[in-house]
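As a plain string of letters, each chain reads:
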Amino acid sequence: MHIVLIIAGAVLVAFAFNFFLIPHEILSSGLSGIAIMLGIITPLNTGVLNLLLNFPLLILGVMKLGKRFIAYTILSVVTLSIGLYVVPVIKLSTEPILSSLFGGVLTGIGAGITFRASASSGGLDIIAMLLARKRDFPLGLLLSMMNAVIVVFAGFLFSWDTALNTLIGIYATGKVVDMIHTKHIKLTLNIVTSKGDEICERLLASLYRGITVMDAKGAYSGEKRMVLMTVITRYQLNDVKQIIHDVDPTAFVNITQTVEVVGLFHRE
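So, how was this worked out
Residues numbered from 1 in each chain as written. Predicted model: local features only at pLDDT ≥ 70, side-chain atom pairs only at ≥ 80, totals over all residues. Heavy atoms only, no water. UniProt positions renumbered as here; feature names shortened; annotations may be inferred. Buried < 20%, exposed > 50% of the residue type's maximum accessible area, 1.4 Å probe, protein only. Helix = DSSP H or I, 4+ residues; strand = E, 2+ residues; numbered from the N terminus. Arc of directions from axis to C-beta. Contact = heavy atoms within 4.5 Å. pLDDT = per-residue confidence, 0-100. Pairing = 2+ DSSP bridges. Axes fitted to C-alpha atoms, helices over the stretch in contact; angles between N-to-C directions. Salt bridge = Lys/Arg side-chain N within 4 Å of Asp/Glu carboxyl O. Parallel < 35°, antiparallel > 145°, perpendicular 65-115°, else oblique. Left-handed = near helix turned anticlockwise from the far one by under 90°.

In the nomenclature of an unreviewed UniProt entry, the protein chain is known as DUF2179 domain-containing protein of Domibacillus aminovorans. Check the Subcellular location (unreviewed entry) section of the UniProt entry for the protein chain; it says "Cell membrane".

This is the structure we're talking about:
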């Protein structure tokens, strides 16, 4: 399933580039944006340039992020590069602002799908992933910050209208990525249940998360309960809810978004 999502995300990005961004000389984020820029000012194909520029960072990723992640990322980079080479460059819209917006949104959807499939589209995404594993920064924000230099290059090489359209596209991409890739979002769960031991056992077996257990008593019924408190990522919520429902369908669960986690918390 991950492989299908990675290929779909990369193909979507390729269409976004060749249908919306490249026809208007609008750059994308990361090394892909640099590949677009070089593809415009040189006779080399953008797909070939994208593959060559990503090679050094893929080596860095092997050392820092693990073989499985990089294997998926290589699949994404190769698929995107082939897509950029195969998909024809067509000016789908004559309006640069609309093209930058729709191109940025489609790029964000493709990149977000790729992130959800435990991969990246390569380039600066790898650096952003390394930083996000150390701190709870939104990936989209990190990518937008690192891509500011691309906007400046677009202004000097082409025009400042192109730079502003590039900025619109990059901003749209970052916002969409953050909507789809939500691993940086943490949730605190307080679970009130009469089957605390069983739920603890299932959660500990399925999730790499600590659980704090407290004894409680219902104010109205006087019955003894257990309160389980844990912090999870947004990705894990559906699995946790299913486990709780399977063990104790009557359990009361309070879910709140956590602003920050200080201390021992495994950031996968």
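Draft legend 1. Local environment of helix α10 (residues 196-206). Within α10 the residues assigned to the buried category are Gly196, Ile199, Cys200 and Leu203. Down the axis of α10, the smallest arc covering the buried residues is 100 degrees, so these residues share one side. Exposed residues lying more than 90 degrees from the buried face of α10 are Asp197, Glu201 and Ala205. In this fold, the buried residues of α10 make contact with β1 (186-193), β2 (212-217), β3 (224-233) and α11 (237-247).

Draft legend 2. Spotlight on the confidence of the model for the protein chain. Per-chain confidence: the protein chain averages 83 in pLDDT, with 86% of residues scoring 70 or above. The least confident element of the protein chain is helix α7 (residues 139-146), whose mean pLDDT is 64; the most confident is helix α1 (residues 2-21), at 92.

Draft legend 3. Summary view of the sheet that holds β3. The 4 strands are arranged β2-β3-β1-β4 in an open sheet whose pairing can be described as antiparallel. For this open sheet the edge positions go to β2 and β4 (252-258), each flanked by a neighbour on one side alone. Neighbour-to-neighbour, the strand axes of this sheet turn through a mean angle of 20 degrees, independent of strand direction. Contacting β1, β2 and β3, α10 crosses the sheet at an angle of about 20 degrees to β3. The strands touched by α11 within the sheet are β1, β3 and β4, with β1 carrying the most contacts at an inclination of about 5 degrees.

Draft legend 4. Up close: the UniProt feature "transmembrane region" (unreviewed entry) in the protein chain. Sequence positions flagged by UniProt for "transmembrane region" (unreviewed entry) are, in local numbering, residues 32-57, 69-90, 96-118 and 139-160. Between the first and last C-alpha atoms of residues 32-57 the distance is 13 Å; the span itself is 85% helix and 0% strand. Helix and strand shares over residues 69-90 are 82% and 0% respectively, and the end C-alpha atoms of the span are 33 Å apart.

Draft legend 5. How the structure looks around the pattern of salt bridges. Under the counting rule described, the total for this entry stands at 2 salt bridges. Ionic pairing is found between Asp246 and Arg202, a salt bridge with its closest N-O pair at 3.9 Å. Taken together, the positions of Asp246 in helix α11 and Arg202 in helix α10 put the pair 44 residues apart, joining distant regions of the chain. Of the residues examined, Asp246 reaches a relative accessible area of 44% and is grouped as partly exposed. When the shortest N-O distance is used, the salt bridge between Glu223 and Arg225 registers 2.9 Å. Overall, Glu223 belongs to the partly exposed group, its relative accessible area being 42%. Judged by its relative accessible area of 27%, Arg225 falls in the partly exposed class.

Draft legend 6. Molecular detail of the packing of helix α8 (residues 148-157) against helix α9 (residues 160-180). Across the interface, α8 lies against α9 with an axial gap of 7 Å and an inter-helix angle of 155 degrees. Regarding the angle of α8 to α9, the classification is roughly antiparallel. The chirality of how α8 crosses α9 is right-handed. Across from Val151, Val152, Ala154, Gly155 and Phe156 in α8, the residues of α9 making contact are Trp160, Thr162, Ala163, Thr166, Leu167 and Ile170.

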